[in-house]
Amino acid sequence: MADAQDDLPTRLQRVRDKIATCARRSGREPDDITLIAVSKTHPASSIKEALSLGVSDFGENRVQEADLKIETVGRSAASWHLIGHLQANKARRAIKLFDWIHSLDSVALAQRLDRACAEEGRAELSVLIQVDLASEETKSGIEPAALPELIETVNNCARLKLRGLMVLPPFYEESEKVRHYFQRLRALRDELSEQGHFAGNRGELSMGMTHDFEVAIEEGATIVRIGTAIFGAREAIK
Ligand SMILES: *Cc1c(COP(=O)(O)O)cnc(C)c1O
């Protein structure tokens, strides 16, 4: 946890150093890991400060909250990632605001997003499927058993580009306990990749947050979503 008196440049540098160290330790290149700064609950001014320090990707988990901030910072100033659950009735707004959707979790939402893209004249939307690997914890995402149907749907949606998988494991104080979720997501990704399901590369793995991103990188994360370690603690509301 970051000290309260630390400033954003210091915290950001610490995160970047840890990502680089962890990547090398795992036999990977630091550049192979994209850092998404999760700015939910933090003001546009914090996003602008991070932008000035070279952060290019930001994560928000609510369409409504992101709307105002993205307008203030500038839609084209950064790449915007929706990392929270998306309600179908907000699909149209979401495709105007976000470059990537990490939380695709149903056939109906895929179809809705594709239709919205067509209607808004958006040629391409990068999506990640959020997989629910711990259903008893009531996390959102799609169960692995339902993945094939969703993947088939996405691949039939002309405007959706399936880039990879995302997981949000349950929170454990001890980050080692989430390792097996990351391992399972990676195994799923590898299997789907072999079947040629991902656009562009072998498939992104969006996994790892403030308390567990080092474990995630060790297990192959290509995208880490980090809020608290960069922007400081959030208010209790989530
Ligand atoms: C809030 C959030 C994060 C970042 O969490 P931190 O612990 O603050 O790094 C990452 N992913 C998702 C889906 C989130 O909602």
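Described in the following lines is the structure provided in the data block. What you see is a predicted model, and the numbers here were worked out from it, not measured in a lab. (Residues numbered from 1 in each chain as written. Predicted model: local features only at pLDDT ≥ 70, side-chain atom pairs only at ≥ 80, totals over all residues. Heavy atoms only, no water.)

For Val-55, the location among the structural elements is in the loop between α2 (44–52) and β2 (57–60). Taking the C-alpha atoms as reference, Val-55 lies 7.3 Å from Ala-37; in sequence the two are 18 residues apart. (Helix = DSSP H or I, 4+ residues; strand = E, 2+ residues; numbered from the N terminus.)

Close contacts around the ligand come from Val-38, Lys-40, Ile-83, Met-166, Met-209, Thr-210, Arg-225, Ile-226, Gly-227, Thr-228 and Arg-234, and that covers them all. Between Thr-210 and the ligand, the recorded distance is 2.5 Å, taken from a side-chain N or O atom to an oxygen atom. Contact between the ligand and Arg-234: an oxygen atom at 2.7 Å from a side-chain N or O atom of the residue. Tallied by class, residues from the shell around the ligand come to five nonpolar, three polar and three charged. (Near = heavy atom within 4 Å. Polar contact = N/O pair within 3.5 Å; in protein donor to acceptor, adjacent residues only side chain to side chain. Nonpolar A, V, L, I, M, F, W, Y, C, P; charged D, E, K, R; others polar.)

Moving on to the nonpolar core. Grouped together as the largest cluster of nonpolar side chains are 69 residues, with contacts concentrated most on Phe-98 and Ile-129. Per element, the largest residue contribution to this core is six residues, and it comes from helix α1 (residues 8–25). Residues in contact with Phe-98, not counting those within four places in the same chain, are Glu-60, Val-63, Ala-66, Ile-70, Arg-75, Trp-80, His-81, Leu-82, Arg-122 and Leu-125. Of all hydrophobic cores here, the second largest spans seven residues; its members include Val-38, Trp-100, Leu-128 and Met-166. (Core = buried A, V, L, I, M, F, W, Y, C linked by side-chain atoms within 4.5 Å. Buried < 20%, exposed > 50% of the residue type's maximum accessible area, 1.4 Å probe, protein only. Contact = heavy atoms within 4.5 Å.)

So, on to the pattern of salt bridges. Counting across every chain of the model gives 17 salt bridges. Here Asp-67 ties to Arg-93 by a salt bridge, and the two come within 2.8 Å at their closest N and O atoms. One end of the pair, Asp-67, is in helix α3 (residues 63–73); the other, Arg-93, is in helix α4 (residues 91–97), with 26 residues separating them in the sequence. Of the charged contacts in the structure, one is a salt bridge between Asp-99 and Arg-75, with a shortest N-O distance of 3.1 Å. Of the two residues, Asp-99 is situated in the loop between α4 and β4 (100–104) and Arg-75 in the loop between α3 and β3 (79–82); the sequence distance between them amounts to 24 residues. Judged by relative accessible area, which is 29%, Arg-75 ranks as partly exposed. (Salt bridge = Lys/Arg side-chain N within 4 Å of Asp/Glu carboxyl O.)

This part takes up the environment of Asp-32. By the secondary structure assignment, Asp-32 is in the loop between α1 and β1 (34–38). On the basis of relative accessibility, which here comes to 42%, the residue Asp-32 falls in the partly exposed class. Put simply, Asp-32 and Gly-220 are 188 residues apart on the chain and 9.7 Å apart in space, counted from C-alpha to C-alpha.

Read these as spatial facts, not as claims about activity.
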